[in-house]
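# Observations on chain architecture
Below are the chains, spelled out letter by letter.
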Amino acid sequence: KPMRTHHCHVCDRCVCRMDHHCPWIGNCVGFRNHKFFILFLLYAAITTFMTGICSYFAVFISKEDIDSKDFGGFPSLLFLLIISLFTVILSFGLCLFCLIMLIFHVYLAMANRTTIEMKYRCRKNPFRLSVSENLAQVLGKDRRLWLIPIQPNDRTSSGIKFPITNKYRKFLIENDFDDFS
């Protein structure tokens, strides 16, 4: 199997540069869709934050504009207050969760690691290049397209072979290993 490829027992297939199997998207996050997963987390955090802000304003700013007509047996103000408070709490909780996941996955992309490779922290990372080169492997070289959900055509790796550090390349040559990059 190619370098940095792992077998997913849920999908029952091998995934290049596999990060994890994600139950949110029902698929493995790997070389081909890691950018889309990061963007999904970003857009989900923004959406849940905006939902929380709108619900907050619905409760605390415009409550004096709401009349007290019955709404299915409940006064409409009380019903709106309960639903909006629930939405505010849920939205900001989901936003916090998405932000934590986003920060973690951006950190992994900057370090050129996957969640699976984080288990091996004691080992040196032969794939850790500069931050911009690491991000280019996930998001593409053109920074203007990083936040647009399109497949990057200008990645610095093929998904099978990955650039490695000069120190690791020197180690491979000195020990008569094949160069993987």
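Look up: the structure comes first, before these words.
Since the structure is predicted, the reported quantities are computational estimates derived from the model, not experimental observations.

Attention now goes to a nonpolar patch on the surface. Where nonpolar side chains cluster on the molecular surface, the patch consists of Tyr43, Ile46, Phe49, Met50, Phe92 and Leu147 and spans about 560 Å² of accessible area. Top contributing element to the nonpolar patch by residue count: helix α1 (residues 34–60), with four residues. Following the sequence through the fold, phenylalanine 92 ends up in helix α2 (residues 76–111).

The pairing of strand β1 (residues 5–8) with strand β2 (residues 13–16) spans four bridges and is antiparallel. Looking at β2, one finds that histidine 7 is bridged to cysteine 14. Taking the residues between adjacent antiparallel strands as the criterion, β1 and β2 are bridged by four residues, where aspartate 12 takes a positive phi near 60°.

Before going further, it helps to examine the packing of aromatic side chains. With the rule as written, the count across this model stands at seven aromatic pairs. Pairing tyrosine 56 with phenylalanine 57 gives two aromatic rings, centres 5.8 Å apart and planes at 70°, and the pair type is edge-to-face. With relative accessibility at 38%, the residue tyrosine 56 sits in the partly exposed group. Three or more aromatic residues joined by ring pairs make a cluster, and in this case those are Trp24, Phe37, Phe40 and Phe97. One Lys or Arg, arginine 4, reaches over the ring of phenylalanine 127 and ends 4.2 Å from the middle of that ring.

What follows deals with unusual backbone geometry. If you check the backbone angles, aspartate 12 has positive phi at about 60° while not being a glycine. Within the element layout of this structure, aspartate 12 appears in the loop between β1 and β2. By relative accessible area, aspartate 12 is classed as exposed at 57%. Even without being a glycine, arginine 17 presents a positive backbone phi close to 50°. Structurally, the position occupied by arginine 17 is in the loop between β2 and β3 (20–22).

Let's shift gears to the state of the cysteines. Applying the stated criterion to the full structure yields zero disulfides. The closest cysteine sulfur to the non-disulfide-bonded cysteine 11 is located on cysteine 28, 3.5 Å from its own sulfur.

With respect to the secondary-structure elements, valine 88 resides in helix α2. Here valine 88 falls in the buried class, since its relative accessible area comes to 11%. Between the alpha carbons of valine 88 and isoleucine 53 there is a distance of 7.3 Å; along the sequence they are 35 residues apart. Valine 88 has contacts with Gly52, Ser55 and Tyr56, leaving out every residue within four places of it along the chain.

How each quantity is defined
- Residues numbered from 1 in each chain as written.
- Predicted model: local features only at pLDDT ≥ 70, side-chain atom pairs only at ≥ 80, totals over all residues.
- Heavy atoms only, no water.
- Patch = residues over 30% accessible without salt bridge, like charges linked within 9 Å, V, L, I, M, F, W, Y side chains within 5 Å.
- Areas by Shrake-Rupley, 256 points an atom, 1.4 Å probe, with all protein chains shown as cover.
- Salt bridge = Lys/Arg side-chain N within 4 Å of Asp/Glu carboxyl O.
- Helix = DSSP H or I, 4+ residues; strand = E, 2+ residues; numbered from the N terminus.
- Pairing = 2+ DSSP bridges.
- Phe/Tyr/Trp six-rings, centres within 6.5 Å; stacked < 30°, edge-to-face > 60°.
- Buried < 20%, exposed > 50% of the residue type's maximum accessible area, 1.4 Å probe, protein only.
- Lys NZ or Arg CZ within 6 Å of the ring centre and 35° of its normal.
- Disulfide = S-S within 2.5 Å.
- Contact = heavy atoms within 4.5 Å.

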